[in-house]
Amino acid sequence: MDWETITFDCYGTLVDWETGIFEAFRDAAAIDAIILGRAEVLAAYHDIEAEVEEEEYRPYREVLGEVALRVAERLGWKLAPERAGFLAASLPDWPVFDDTRAALERLKRRFRIAILSNVDDDLLQATIERIAVDFDWTVTAQQTRSYKPAPTHFLEAIDRVGGDRQRLLHAACSYYHDVRPAKELGLKTVWVNRAVEPLDGRPRPGHEVRDLLELADWLGVE
């Protein structure tokens, strides 16, 4: 193993963003006496966020605002535009997975750790404070002015380690945003497959785990 640095996606890998997103929509809609189901919110969110991020670059706060409006429209909720900021406001409170902190503390004993995230710098910093583990560096959408699965985050990460991609191991939950593009760039990948999704014919990642403690075990870090 030549890896010196493990890079992580944040939301979905370290942080339970699906719970955070659903609870934010549920609470905001309840103000208007609207009841939203978890499955319908998340299905709409995953479709629409990808659409918005493929458009011209805008800060992630604006992405979240636009996504909130489009999801609400799809679900029949007449959300006033001035209230669309509820989703970005909720992000610092999205829950951290139970295994995240303990696993990262173990991994830091042997590796540098970093985050590659589709987010603004200040929002990510609020999340890092919630995780309560120090990262060596971060690459954000604000820094690259692009959103994964575009390659810019990964190319920047390669630059951060002196251009040697063999020094990087990328661990992420999203096959679409992270595993596929990282693999295509020749990075070793670990799919943190928390939902136990089938590959369905997609190229196999370098390794697959169910959570970050399993990742630490696989890397032999006590």
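Quick caveat: nothing in here was measured; it's all calculated off a predicted structure. (Residues numbered from 1 in each chain as written. Predicted model: local features only at pLDDT ≥ 70, side-chain atom pairs only at ≥ 80, totals over all residues. Heavy atoms only, no water.)

Notes on the packing of helix α2 (residues 38–53) against helix α3 (residues 60–74)
Here is step 1 of the chain: The contact between α2 and α3 brings their axes to 9 Å, and the two run at 135 degrees. One finds that α2 runs oblique with respect to α3. In terms of crossing hand, the pair formed by α2 and α3 is right-handed. Of the residues in α3, those touching α2 at V41, A44, Y45, D47, I48, E49, E51, V52 and E53 are Y60, V63, L64, E66, V67, R70, V71 and R74.
Here is step 2 of the chain: Each residue belonging to the contact of α2 with α3 can be placed in one class, and the counts come to 10 nonpolar, no polar and 7 charged. (Axes fitted to C-alpha atoms, helices over the stretch in contact; angles between N-to-C directions. Helix = DSSP H or I, 4+ residues; strand = E, 2+ residues; numbered from the N terminus. Parallel < 35°, antiparallel > 145°, perpendicular 65-115°, else oblique. Left-handed = near helix turned anticlockwise from the far one by under 90°. Contact = heavy atoms within 4.5 Å. Nonpolar A, V, L, I, M, F, W, Y, C, P; charged D, E, K, R; others polar.)

Overview of the packing of helix α1 (residues 17–30) against α2
Here is step 1 of the chain: Packing of α1 against α2 leaves a shortest axis separation of 10 Å and a crossing angle of 110 degrees. For the element pair α1 / α2, the angle class is roughly perpendicular. Within the contact between the two elements, α1 uses W17, E18, T19, I21, F22 and F25 and α2 uses R38, V41, L42, Y45, H46 and E49.
Here is step 2 of the chain: Considered class by class, the residues forming the contact of α1 with α2 number 7 nonpolar, 2 polar and 3 charged.

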